[in-house]
Amino acid sequence: MSWTNAQRYRVITDAKDGELSVLEAKVAKSIWRQKYHIQPNYGLLNDPNGFCYYNGKYHLFYQWFPFGAVHGMKHWYHLTSADLVNWEEEGVALMPEFPHESHGIFSGTGLVNDNQLYLFYTGNHRDEKWQRRSSQCLAILSSDGKIEKLAEPVISGPPQQYTHNFRDPKVFKKGNHYYMLVGAQRESLEGCLLVYVSDDLKAWKFKQELKTNHDSFGFMWECPDYFSLQGQEVLLLSPQGLKPKGNDFQNIYHSGVFIGKFDEHVGYFDTDSFQELDKGFDFYAPQTTQTPDGRQILIGWMGLPDTVYPSDHDGWANCLTIPRELSIKNGQIQQQPLQELKQKRVKTTQHQIKVVSSRERLKTIYSEVGEYRISINVETAERVGIAFRVGDDEETVCLLDQVAEYFSLDRTRSGIPVATDYGTVRKITYQQSVVQLTVFLDQSSIEVFVNDGEAVFSSRIFPKEDSRYLEVFAENGTAQIEIKQWCYA
Ligand code: FRU
């Protein structure tokens, strides 16, 4: 359907009688509903927001447009969890009420202060000429579950020389002050971050544009995050407009990190090289939080802006990635699946196979929803692979190519195509003959962790329901493959 602005810019309480139940019924028939990823009940999900541990549980919000699979009036939808695995739905937390947020409650972060959860977000407003007006706003969640929004923004607009692409506040404390980093765009249409400072989280003063060693790096920087990890400082962001480079930046937009040093006095983040966080097809706008036991956990949107997904026709779009635990090794971020996910494992099947210049369809393991631990040992083969969700003309392939020295995820034949203008294969350079993969398969996604999280490939796939086989193959030689599968409850 094509959407008029009047249809797109409504809040959930404007739903017509029966409108949402019709949508829900449509969504219920979708064959791509996920079994264990966070997804919207209907409508469109995008960025994770306000991810935080507060009052004895995790709080996670996401950008949500209720009425269908299109980017329209954004609300914050609220979930809570004791373990990051089982989530309770708390419903809509924030929806537009004031003129400065009349066209959406955009992304932002959560920060615990005085036993309350401060939720910073961007108020998105369009004026009569449809010009964007952005402000940074605050809502406060108290321990009784009530949320109160401040009627006025805490920052009413960008400073001069920056456009109204000014959003996604990240707030944190360093030394004696609070800092806010806001995703921004110079009038020269280059992305950057703006630094604000406050002592009470309510009165904010513009300090300066964050200086980095990446002065001209895309046309817009979205969704900043900042945290310390293993004694180092990490700046995470989602820059838009980077050109593909080698195996990097193959999607429409990208997310990654700078590991460096933030000097808050001079507003300088000493950045080295930018590490793209995910090598798959669908990943954007991730956010992190720290667990009470000190782990830094990341969750991303397993989707991209300006991208059409097959589930759109079914009245819903997108999901979040599984949570990942971050660490730094050899100056690079490593990402491992959240330990607590193990509690979802119910049935284990194991299989070991030697493949000799052939392709084998496994008889005891199917591509079921769950987790797979796969070890590939290439002996003499040139290429070795494992194919998931195999059916008539369909497969999603993890491939280790010893000749061309790469590891890849190939969704050329994964089912209904998505964003094929950006290619259908994603690669990393890989020279070893052994690889360990941890794969998370859900109804319409695959997340592949390579060697304890040196690289992760997150992707949506839209195969037929009965494309359920699992196959392994070796070309021109032999390979040993070991697969351990845990189905998920
Ligand atoms: C990133 C983003 C944010 C914005 C939000 C709106 O995907 O564009 O910059 O706050 O989505 O939904």
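Residues numbered from 1 in each chain as written. Predicted model: local features only at pLDDT ≥ 70, side-chain atom pairs only at ≥ 80, totals over all residues. Heavy atoms only, no water.

**Q** How do you make sense of the overall build of the protein chain when you look at a structure like this?
**A** Per the secondary structure count, the protein chain includes two helices and 34 strands. Taking 489 residues into account, the globule formula puts the C-alpha radius of gyration at 23 Å, and the protein chain, at 23 Å, falls close to it. Each principal axis of the C-alpha atoms in the protein chain carries an extent, and together these give about 70 × 55 × 45 Å. The buried share of the protein chain, reckoned over its 489 residues, is 61%. For the protein chain, the proportion of contacts with a sequence separation of at least 24, taken over those separated by at least 6, is 60%. As displayed, the protein chain offers around 19,400 Å² of accessible surface, 45% of which is attributable to carbon and sulfur atoms. On the protein chain, the mean spot of the 50 positive side-chain charges and the mean spot of the 63 negative ones are 1 Å from each other. (Helix = DSSP H or I, 4+ residues; strand = E, 2+ residues; numbered from the N terminus. Rg over C-alpha atoms; globule rule 2.2 N^0.38 Å. Buried < 20%, exposed > 50% of the residue type's maximum accessible area, 1.4 Å probe, protein only. Contact = heavy atoms within 4.5 Å. Areas by Shrake-Rupley, 256 points an atom, 1.4 Å probe, with all protein chains shown as cover. Lys, Arg positive; Asp, Glu negative; His and termini not counted. Charge placed at Lys NZ, Arg CZ, Asp CG, Glu CD.)

**Q** Looking at this structure, how should I read the site of the ligand?
**A** The environment of the ligand is made up of Asn-46, Asp-47, Gln-63, Lys-74, Phe-106, Ser-107, Arg-167, Asp-168, Glu-222, Tyr-284 and Trp-301. Here Asp-168 contributes a side-chain N or O atom positioned 2.5 Å from an oxygen atom of the ligand. Look at the ligand: alone it shows 310 Å² of surface, and the protein chains cover 91% of it. Contributing elements (two or more residues each) for the shell around the ligand: strand E1 (43-54), strand E5 (105-113) and strand E9 (167-174). (Near = heavy atom within 4 Å. Polar contact = N/O pair within 3.5 Å; in protein donor to acceptor, adjacent residues only side chain to side chain.)

**Q** I'm lost on the sheet that holds strand E30 (residues 434-442) in this one. Help?
**A** Here we have six strands laid out as an open sheet, ordered E23-E34-E25-E30-E31-E32, and antiparallel in their pairing. The strands lining the two open edges of the sheet, one partner per strand, are strand E23 (345-356) and strand E32 (455-460). Averaged over all pairs of adjacent strands, the angle between strand axes in this sheet comes to 15°, irrespective of strand direction. Alignment of E23 against strand E34 (residues 478-488), held across 11 bridges, turns out to be antiparallel. Across the sheet, residue Lys-347 finds its bridge partner in E34, namely Cys-487. (Pairing = 2+ DSSP bridges. Axes fitted to C-alpha atoms, helices over the stretch in contact; angles between N-to-C directions.)

**Q** Just checking my understanding: could you explain the packing of aromatic side chains for this structure?
**A** Taken as a whole and assessed by the stated rule, the structure comprises 34 aromatic pairs. Summarising the aromatic geometry, the rings of Trp-64 and Tyr-77 are spaced 5.0 Å apart at their centres and angled 70° between planes, so their arrangement reads as edge-to-face. On the criterion of sequence distance, the pair formed by Trp-64 in strand E2 (residues 57-65) and Tyr-77 in strand E3 (residues 75-81) is long-range, its members being 13 residues apart. For the pair Trp-64 and Tyr-77, a shared accessibility class is recorded, and that class is buried. Plain terms: the ring middles of Phe-166 and Tyr-196 are 6.3 Å apart, the flat faces sit at 55° to each other, and that makes the pair tilted. Taken together, the residues span a long stretch of sequence, with Phe-166 in the loop between strand E8 (147-149) and E9 and Tyr-196 in strand E11 (residues 191-198) at a distance of 30 residues. The class for Phe-166 is buried, based on a relative accessible area of 0%. Residue Tyr-196 is classed as buried on the basis of its relative accessible area, which comes to 3%. Clustering of aromatic rings is evident, with ring pairs tying together Phe-172, Tyr-179, Tyr-226, Phe-262 and Phe-269. Lying across the ring of Trp-486, Arg-345 places its NZ or CZ 3.7 Å from the centre. (Phe/Tyr/Trp six-rings, centres within 6.5 Å; stacked < 30°, edge-to-face > 60°. Lys NZ or Arg CZ within 6 Å of the ring centre and 35° of its normal.)

**Q** Sorry if this is basic, but what is going on with the domain arrangement of the protein chain here?
**A** Accessible area lost upon the coming together of the parts is a frequently used measure of interface size. In terms of domain boundaries, the protein chain breaks down into domain 1 (5-337) and domain 2 (343-488). Each of domain 1 and domain 2 was reduced to a C-alpha centroid, and the two centroids are 31 Å apart. Between domain 1 and domain 2, the buried area comes to about 3,300 Å², and carbon and sulfur atoms account for 58% of it. Among the residues domain 1 hides against domain 2, the three largest losses belong to Trp-32, Tyr-36 and Phe-281. Together they make up 24% of the total. Where domain 1 meets domain 2, there are one salt bridge. Seen at the junction of domain 1 and domain 2, the total is 24 residue pairs in polar contact (both at pLDDT 80 or more). Class assignment of the residues belonging to the side of domain 1 that touches domain 2 gives a composition of 16 nonpolar, 14 polar and seven charged. (Domains from an automatic or database assignment. Buried area = accessible area lost by both parts, 1.4 Å probe. Salt bridge = Lys/Arg side-chain N within 4 Å of Asp/Glu carboxyl O. Nonpolar A, V, L, I, M, F, W, Y, C, P; charged D, E, K, R; others polar.)

**Q** How should the UniProt feature "domain: Glycosyl hydrolase family 32 C-terminal" (unreviewed entry) in the protein chain be read in this particular structure?
**A** Per the UniProt record, the feature "domain: Glycosyl hydrolase family 32 C-terminal" (unreviewed entry) sits at residues 340-482. Taken end to end, residues 340-482 has its terminal C-alpha atoms 24 Å apart, with 0% of it in helix and 59% in strand. (UniProt positions renumbered as here; feature names shortened; annotations may be inferred.)

**Q** When you look at the sheet that holds E3 in this model, what are you seeing that I'm missing?
**A** Where strands meet in a sheet, backbone hydrogen bonds hold them as pairs that are either parallel or antiparallel. Spatial ordering of the open sheet is given by E4-E3-E2-E1-E20, a layout of five strands whose pairing is mixed. Among the strands making up the open sheet, the edge pair consists of strand E4 (87-94) and strand E20 (316-317). Two elements, E1 and E2, share seven bridges in a ladder whose sense is antiparallel. The residue of E2 that forms the bridge with Cys-52 is His-59.

**Q** Honestly, the UniProt feature "domain: Glycosyl hydrolase family 32 N-terminal" (unreviewed entry) in the protein chain in this entry has me stumped. Any pointers?
**A** Sites flagged by UniProt as "domain: Glycosyl hydrolase family 32 N-terminal" (unreviewed entry) map to residues 37-337. The distance separating the terminal C-alpha atoms of residues 37-337 is 13 Å; by composition the span is 0% helix and 53% strand.

**Q** Help me understand the pairing of E30 in this model?
**A** Regular strands place their side chains on alternate faces of the sheet. The buried count for E30 comes to seven of nine residues, which makes it a mostly enclosed element. Across eight bridges, strand E25 (residues 370-378) lies against E30 in antiparallel orientation. Counterpart to Tyr-372 in the pairing with E30 is Val-439. Across six bridges, E30 lies against strand E31 (residues 445-450) in antiparallel orientation.

**Q** Please clarify how the side chain of Arg-126 should be interpreted in this entry.
**A** With respect to the secondary-structure elements, Arg-126 resides in strand E6 (residues 116-126). Of the buried charged residues, Arg-126 lacks a salt bridge, with Asp-127 as the closest side chain of opposite charge at 7.5 Å. Here Trp-130 takes part through its backbone oxygen, which lies 3.1 Å from a polar atom of the side chain of Arg-126. Among all residues touching Arg-126, those that are not within four sequence positions of it are Ser-102, His-103, Gln-131 and Arg-132.

**Q** Hey, could you run me through helix H2 (residues 19-28) in this one?
**A** Two residues of an α-helix separated by three or four positions point the same way, owing to the 3.6 residues in each turn. Within H2, burial applies to Leu-20, Leu-23 and Val-27. One side of H2 holds all its buried residues, which, seen down the axis, span an arc of 60°. Facing away from the buried surface of H2 by more than 90 degrees, the exposed residues are Val-22 and Ala-28. Of the surrounding secondary structure, the elements contacted by the buried residues of H2 are E1 and E20. (Arc of directions from axis to C-beta.)

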